[in-house]
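What follows is each chain in one-letter form.
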Amino acid sequence: MAITDDVLVIGGGIAACTAALSAAETGAQVRLLAHKKSTLRQASGLVDVLGYAGDDGPLANPYDGLDELPEGHPYRIVGEDGIRDGLRLFDEAVGDAYRGGHTDDNALVATYGGTMKPTARYPESVASGLVSASGDMLLVGFESLTDFDAPVAADHLEAAGVPFSVRGVSLPFPKTFRADAKLTRFAKALDRDESVESGTVRSSLADAVADELDGETRVGFPAMLGDDHDTEVRDELADRLGVPVFEVPTGPPSLLGLKLEDMLFDALDEAGVRISSGNPAVDFEADGDRIETVLVDQKSRMTPYEADQIVLATGGLVGKGLDSDRAHVTEPVFGCHVPHPEDRYDWSEPEAFGDHEFARFGVVPDDELRPTDADGESHFENLRAAGGVVGGAHVAREKSASGVSLATGAVAGRLAGEDATQ
Amino acid sequence: MSDAETPPDTTPTPGEQGEDDFEPVEVFPESTEMDLRPGADNCYKCTSCDVSCPVAEVDDEFPGPKFQGPEQWRLKRKEDASVDDSIMSCSNCMRCDDACPSGVPLSQMHNTARGEYVDEDMDKLSREYIRNRILANYGTLAELGSMFPRLTNAIMGNSLVQQINEKVLGITAEREFPAFATQTFREWWNERGGPQVRSEDKRVAYFHGCYSNYNTPEVGKAMVRVFEEFGYEVVVPKQRCSGTPMFANGMLDDAKRAAGINAENFAGLIPEGYDIIASCTSCSMSLRQEYPELFDIDGLEDISEHTYEAMEYLRIHEDLDSALADASVSEQSFAYHAPCHARNQGLDRQAVELFRDLDGVTIEDVGDSCSGISGTYGWKEEKYDKSMQIGADMFDHMEHADGNVGMTECPTCSMQMEHGTGYDIKHPLQLLEEALV
């Protein structure tokens, strides 16, 4: 016996969640098999589709750039319909917590480095800080939270020529914590509105920021304005300041990413998707070109999981869906073919932000997203791939990581579900 | 790899490749001690572990798992630096292991650092050391106490004794000491004459641990009856504590002694076709992960590879879904809490998944927070309030859930659930017994 489902999705990020939701829509019994806590908690919480393509960008409309993408790019396989289906699944999963669905156009969101990221969907708390909207901006950072340097971020935005003025200030947080206190500690203090000498954390913070306001019509903070009571925190600050308040997405620990993770996993629960997490899929048993069992390393002992259809959504080099040593790049679970130059010095460019070959490493999908071997034949008839493990996209340059995950997840999940239930 | 068709462009594994054309340089002198450096080097300071730490969330003085693991490891490389005493505030819930995206062996680092701190820096005559030693060796205490269970229960339930425990030993007076059963599991087992089913090919050895032996023998009995119903021969070897409370208190010598005895009594059964079954998820965690991580004793690797949590075993080896589909129980409604140690073994959702469709049962997961007791942590007088703060989310969710009976696999989570809500708490095996036996 083994633990048995119709569709087994391996992975825990946005591609895996989308594939599972998509497969569940077909009526299939789906299981998500995740190794660790989702990598969504390391992500900004922004959902991009396509910001740059070829020499074009930032793109006002991501769909305008699809023709510029190279042959073999995942978007060329799933097409505009696939992208739209991925966004539909996302919108249904997160509901009102995200904005951007009213238009095809990209929004420009200020990052905590002061760059502008073309983004298709963004958390509601980010909305009033869009660079693509007008209104002078005050960015507030905290001396003890060194990741976000508000004056530097403001200078970057000004230098990029935004059509409004931006100013950044660093303030002491109203309450003092240990020197290496976590971002979440600040968020909790705001959540609970803890008391401080001059009142409460929220009121003291608003007072300090009000002293700095000089005609700006919106105020941005690093994304730490509350955890469980974030809307309440933001509303109170906006109310006290008399201008809208927004959050600037941060790196890990990313509260926006954590919240997105919660929303997607709640949606999985609601869709009846079963979830097994905590252990990696490492091996499999097959009969000819059909995978019969996926083996999970459950603390050095293998547990078999059986399914009719499998979706591989384990991520790229960072997510460990791809592995590399000094000579080879491999896909470690099923041994799928990952093309790469023989000489590893050809894997990267000398410039840090160059057009690196390694960024496009991944499995090569056929037109139904089945990974193929060196001859272009699919490895297994019941294995599909989605997200970062799929090669052909330079998601960091294109600003397409979330979109590729959503689109390939939606299509791979639907096809797997249909095959399993037909 | 498997018996699948080999992909044409197959590449050698990293290990083989290394031997071919890459000569690693030996930078550090060879050492016979456990080398955690590669683990420390894997940390890229994303702080995901800190965010997942239930103690750091309520204890502003606790620097969190990233410090306790990779950072502390580096700091104590210096000759004159010893392990920071904040390591004693780690509750060993092991949630950081599950949060790390980079394979840092955080709990292993914590366990070794804590062991080193207790060995080298803790005053062996201090109240804290004596108290921790007593708590860590609960099994020995329980063995004595359960010789005269009624008398012990009366004494331990006496509020004056509880006050003395708190004042003299630093064991909180807020908690009710768990009652000892009038008949231990092993006494019951011997009275019934051992195994009632014999089998050549379906054999399990039960690791009952301390709690289901001395305090909740009904859990152990349920395990035996369910497995015998499925045709398994159950044996119950002599055993010591799994070591979990000893790891959490840095008593690694005690834990190693116990592990040695358990290895002696269990490892020999594996070649005879026995798998090891635990009903407590901390016991199975210890046998599977901590034993091979911390001790070099013959048989521990074998034990690790053949240990299962009870329901997990049945899910893999029997058609539990079908068995439950044909079963029904009287109407009952549960608020289920997944123990932290069940999470790391990937078992946190199986009870809800299995019982959701069982006729007569409604079951609801009360969320992913830690219960806060973490074995001995919540028994310490100075940790009690923090323990209750950590548990607040769980209590709240339990009260909002439809169920008015709690369910969990972990004995100390169950104490905390009962303490915070007044609910009766059941083990999933007890419901399985009701449904199938």
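Residues numbered from 1 in each chain as written. Chains lettered and ligands numbered in written order. Predicted model: local features only at pLDDT ≥ 70, side-chain atom pairs only at ≥ 80, totals over all residues. Heavy atoms only, no water.

### Observations regarding the domain arrangement of chain A
When the parts of a complex come together, some accessible area is lost, and that lost area is often taken as the interface size. All names here are of chain A. Applicable threshold: Boundary definitions for the domains trace back to an automatic or database domain assignment. It only takes one pair of heavy atoms within 4.5 Å for two residues to be counted as in contact. Here the quantity called buried area is the total loss of accessible area, with a 1.4 Å probe, experienced by two parts when brought into contact, counted for both.
We note that the domain assignment places domain 1 (3-98 + 257-421) and domain 2 (112-248) within chain A. Averaged C-alpha coordinates put domain 1 and domain 2 at centres separated by 34 Å. Facing the 16 residues of domain 1 at the interface are twelve residues of domain 2. Interface area for domain 1 against domain 2, summed over the two sides, is near 1,200 Å², with a carbon-plus-sulfur share of 61%.

### Quick notes on the UniProt feature "domain: FAD-dependent oxidoreductase 2 FAD-binding" (unreviewed entry) in chain A
How we decide: UniProt positions are given in the numbering used here, feature names are shortened, and annotations may be inferred rather than shown by experiment. Helix numbers and strand numbers start at the N terminus; a helix is a DSSP run of H or I with at least 4 residues, a strand a run of E with at least 2.
Following the UniProt record, the feature "domain: FAD-dependent oxidoreductase 2 FAD-binding" (unreviewed entry) maps to residues 6-404 of chain A here. Across residues 6-404 of chain A, helical content stands at 25% and strand content at 21%; the span's end C-alpha atoms are separated by 24 Å.

### Details of the packing of aromatic side chains
For clarity, the threshold we go by: Paired rings are identified among Phe, Tyr and Trp, the last through its six-membered ring, by centres lying within 6.5 Å, and are further divided according to the angle between planes into stacked (under 30 degrees), edge-to-face (over 60) and tilted (the rest). Accessibility here uses a 1.4 Å probe with only protein chains present; expressed as a share of the type maximum, an area under 20% marks a residue as buried, one over 50% as exposed, and anything in between as partly exposed. Either the NZ atom of lysine or the CZ atom of arginine qualifies as a charge over a ring when it sits within 6 Å of the ring centre and within 35 degrees of the ring normal.
Evaluated as defined, the whole model comprises 21 aromatic pairs over all chains. Look at B:Tyr291 and B:Phe295: their rings are 6.4 Å apart centre to centre, the planes differ by 55°, and that puts the pair in the tilted class. As far as burial versus exposure is concerned, B:Tyr291 and B:Phe295 are alike and both buried. Linked through ring pairs, A:Phe142, A:Phe173, A:Phe177, A:Phe186 and A:Phe221 together constitute an aromatic cluster. It is A:Arg218 that lies over the ring of A:Phe164; its NZ or CZ is 4.6 Å from the centre.

### Some details on the sheet that holds strand S8 (residues 424-426) of chain B
Residues and elements named next belong to chain B. To be explicit about the condition: Between any two strands, pairing holds if DSSP finds at least two bridges. Angles shown run from 0 to 180 degrees and are taken between the N-to-C directions of axes, each axis being a line fitted to C-alpha atoms and, for helices, limited to the stretch in contact.
Reading across the sheet, the four strands line up as S6-S5-S7-S8 and stay open at both edges, with parallel pairing between neighbours. With partners counted over all chains shown, the strands left at the sheet margins are strand S6 (359-365) and S8, one partner each. On average, each strand axis in the sheet is inclined to that of its neighbour by 40°, with strand direction left out of account. Relative to strand S7 (residues 405-407), strand S5 (residues 328-336) runs parallel, the two being bridged by three bridges.

### So, the domain arrangement of chain B
All names here are of chain B. As a reminder of what qualifies: We define a salt bridge as a contact between a side-chain nitrogen of Lys or Arg and a carboxyl oxygen of Asp or Glu at a distance within 4 Å. Definition of a polar contact: a pair of N or O atoms within 3.5 Å, with one able to donate and the other able to accept a hydrogen when the atoms are protein atoms, and with sequence-neighbouring residues admitted only if both atoms are side-chain atoms. Amino acids are sorted into nonpolar (Ala, Val, Leu, Ile, Met, Phe, Trp, Tyr, Cys and Pro), charged (Asp, Glu, Lys and Arg) and polar (every other residue, Gly among them).
The domain boundaries assigned to chain B delineate domain 1 (34-119), domain 2 (127-169), domain 3 (185-316) and domain 4 (327-436). Domain 2 and domain 3 are separated by 25 Å when their C-alpha centres are compared. Across the contact, twelve residues belong to domain 2 and eleven residues belong to domain 3. Between domain 2 and domain 3 lies a buried interface of about 910 Å² when both sides are counted; carbon and sulfur atoms form 56% of it. Contact with domain 3 buries area across many residues of domain 2, yet Arg133, Ala136 and Tyr138 alone supply 45% of it, more than any other trio. Along the contact surface separating domain 2 from domain 3 lie one salt bridge. Note that Arg133 and Asp254 form a salt bridge whose closest N and O atoms lie 2.7 Å from each other. Here domain 2 and domain 3 share three residue pairs in polar contact (both at pLDDT 80 or more) between them. Elements with a contribution of two residues or more to the side of domain 2 that touches domain 3: helix H8 (127-136) and helix H9 (138-145). The residue inventory of the side of domain 2 that touches domain 3, partitioned by class, reads five nonpolar, five polar and two charged.

### So, the interface of chain A and chain B
Counting residues at the interface gives 49 residues for chain A and 53 residues for chain B. Of the roughly 4,400 Å² buried between chain A and chain B, counting both surfaces, carbon and sulfur atoms make up 48%. It is A:Lys182, A:Lys299 and A:Arg301 that lose the most area in chain A upon contact with chain B, and together they represent 15% of the buried surface on that side. Here chain A is connected to chain B by six salt bridges. Residue A:Arg31 is joined to B:Glu353 by a salt bridge in which the shortest nitrogen-to-oxygen separation is 2.6 Å. Breaking the side of chain A that touches chain B down by element, the ones donating at least two residues are helix H4 (183-192), helix H7 (255-270), strand S13 (274-277), strand S14 (281-287) and strand S16 (302-312) of chain A.

### Some words on the packing of helix H5 (residues 201-212) of chain A against helix H6 (residues 230-241) of chain A
All names here are of chain A. The cut-off we apply is this: Should an angle lie under 35 degrees it is considered roughly parallel, over 145 roughly antiparallel, and from 65 to 115 roughly perpendicular; all remaining angles are considered oblique. In this scheme the handedness of a crossing depends on how the near helix is turned from the far one: anticlockwise by less than a right angle means left-handed, clockwise means right-handed.
One way to put it is that H5 packs onto H6 with a least axis distance of 9 Å and a crossing angle of 40°. Between H5 and H6, the interaxial angle falls into the category oblique. Crossing angle aside, the handedness with which H5 passes H6 is right-handed. Taking contact as the criterion, the partners of Arg202, Ser203, Leu205, Ala206, Val209 and Ala210 in H5 are, on H6, Glu232, Val233, Glu236, Leu237, Arg240 and Leu241.

### A word on empty space enclosed by the protein
Residues and elements named next belong to chain B. Note the cut-off: A 1.4 Å probe that fits into a set of points on a 1 Å grid over the protein atoms alone but cannot get out defines a cavity; an open set with protein on both sides within 12 Å along at least five of seven lines defines a pocket, and lining residues are those with an atom within 4 Å of a point. Grid points are joined across faces, edges and corners, and a volume is the space filled by probe spheres set on the points.
As enumerated under the stated definition, the model contains eight cavities of 30 Å³ or more in all. By volume, the largest cavity amounts to about 640 Å³. Taken together, 38 residues form the lining of the largest cavity, with Thr244, Pro245, Gly375, Thr376 and Thr412 sitting closest to its centre. Those elements that provide at least two residues to the lining of the largest cavity are H8, H9, helix H15 (244-248), helix H17 (281-294), helix H21 (340-344) and helix H24 (411-421). With four residues, the single largest contributor to the lining of the largest cavity is H24. Grouping the constituent residues of the lining of the largest cavity by class yields 23 nonpolar, 15 polar and no charged. For the second largest cavity, the lining is made up of 15 residues, of which Cys53, Cys90, Cys93, Cys96 and His110 are closest to its centre. Those elements that place two or more of their residues in the lining of the second largest cavity are helix H4 (54-58), helix H5 (65-75), helix H6 (95-99) and helix H7 (106-121). Taken together, the residues of the lining of the second largest cavity sort by class into nine nonpolar, five polar and one charged.

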